[in-house]
Amino acid sequence: MAREIHIKVKGDKELIRKLGQMSRKANIETKALVHKHTYAMERYAKQHVAVDKGYLRRDIRSRFAEDGFTGFTFTMLDYARYVEFGTRPHMIRAKKAKVLTDGKRFFGKEVHHPGTRPQPFLFPAFLSVKVEFIRDLEKMVRRLDS
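Residues numbered from 1 in each chain as written. Predicted model: local features only at pLDDT ≥ 70, side-chain atom pairs only at ≥ 80, totals over all residues. Heavy atoms only, no water.

## Points about the overall build of the protein
Across its full length, the protein holds 4 helices and 6 strands. If you list the helices and strands of the protein from N to C, you get α-α-β-β-α-β-β-β-β-α. Taken across its 146 residues, the protein has 22% of its residues classed as buried. Once local pairs closer than 6 in sequence are excluded, the contacts in the protein between residues at least 24 apart make up 58%. Per element, the accessible surface of the protein, about 11900 Å² overall, is 57% carbon and sulfur. (Helix = DSSP H or I, 4+ residues; strand = E, 2+ residues; numbered from the N terminus. Buried < 20%, exposed > 50% of the residue type's maximum accessible area, 1.4 Å probe, protein only. Contact = heavy atoms within 4.5 Å. Areas by Shrake-Rupley, 256 points an atom, 1.4 Å probe, with all protein chains shown as cover.)

Here you go:
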């Protein structure tokens, strides 16, 4: 047999109005903090990404979801994960061509690639803003709570 508990809050209309205002203000300020720190993360990633021709740097961007309560900094380039995490040593084999070439030199039918070292840029960007974001949220809550 399930029991239900109903709680009805009766209170001062002014108090209820202030709680509603505080909630709206908290929503607005939280969204502003999410935007501020998401864009800070994007800037950090762009400043610290390894650059060859600049395609990866130009592709780093930010978007928002959940009505602005969630921010994403990302890139859509396939090779970004290899820059961020590196690669293991591996073999590169000619598929359609008979030999591998860079246009100037011929390397043969297969080449042993030694792998690449990680050059992280997105995770360090997250770490760079995480502490300040949490600190700013705590300040906002204390200010709205007082």
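Resuming the write-up.
## A word on the packing of aromatic side chains
By the definition in use, this model includes 2 aromatic pairs. The interplanar angle of 70° and the centroid separation of 5.3 Å between the aromatic rings of Tyr39 and Phe64 together place this pair among those described as edge-to-face. Of this pair, Tyr39 sits in helix α1 (residues 13-48) while Phe64 sits in strand β1 (residues 61-65), and the two are 25 residues apart along the sequence. Classification of Phe64 as partly exposed rests on a relative accessible area of 26%. (Phe/Tyr/Trp six-rings, centres within 6.5 Å; stacked < 30°, edge-to-face > 60°.)

## Brief notes about the pattern of salt bridges
Opposite charge on two side chains permits pairing when their charged atoms draw close. All chains considered together, the criterion is met by 6 salt bridges. Asp136 is the partner of Lys36 in a salt bridge, and the nearest nitrogen-oxygen pair spans 3.4 Å. Of this pair, Lys36 sits in helix α1 while Asp136 sits in helix α4 (residues 122-145); the two residues are 100 residues apart in sequence, bridging distant segments of the chain. Taking the shortest distance from any N to any O, the salt bridge between Arg61 and Asp59 comes out at 2.8 Å. For Asp59, a relative accessible area of 14% gives the class buried. (Salt bridge = Lys/Arg side-chain N within 4 Å of Asp/Glu carboxyl O.)

## Digging into the nonpolar core
Ala40, Met41, Ala45, Val49, Leu56, Ile60, Ala80, Val83, Phe121, Ala125 and Val129 together form the largest nonpolar core, which totals 11 residues. Sorting the residues of this core by element identifies α1, α3 (80-85) and α4 as the ones contributing at least two each. Counting residues per element, this core draws most heavily on α1, at 3 residues. In contact with Ala80, other than residues within four places in its own chain, are Leu56, Thr75 and Phe121. (Core = buried A, V, L, I, M, F, W, Y, C linked by side-chain atoms within 4.5 Å.)

## Describing the environment of Gly71
Positionally, Gly71 belongs in strand β2 (residues 70-74). When its relative accessible area of 28% is taken as the criterion, Gly71 is described as partly exposed. Note: C-alpha distance between Gly71 and Val34 (37 residues apart in sequence) is 6.2 Å. Residues in contact with Gly71, not counting those within four places in the same chain, are Val34, Thr38, Arg63 and Phe64.

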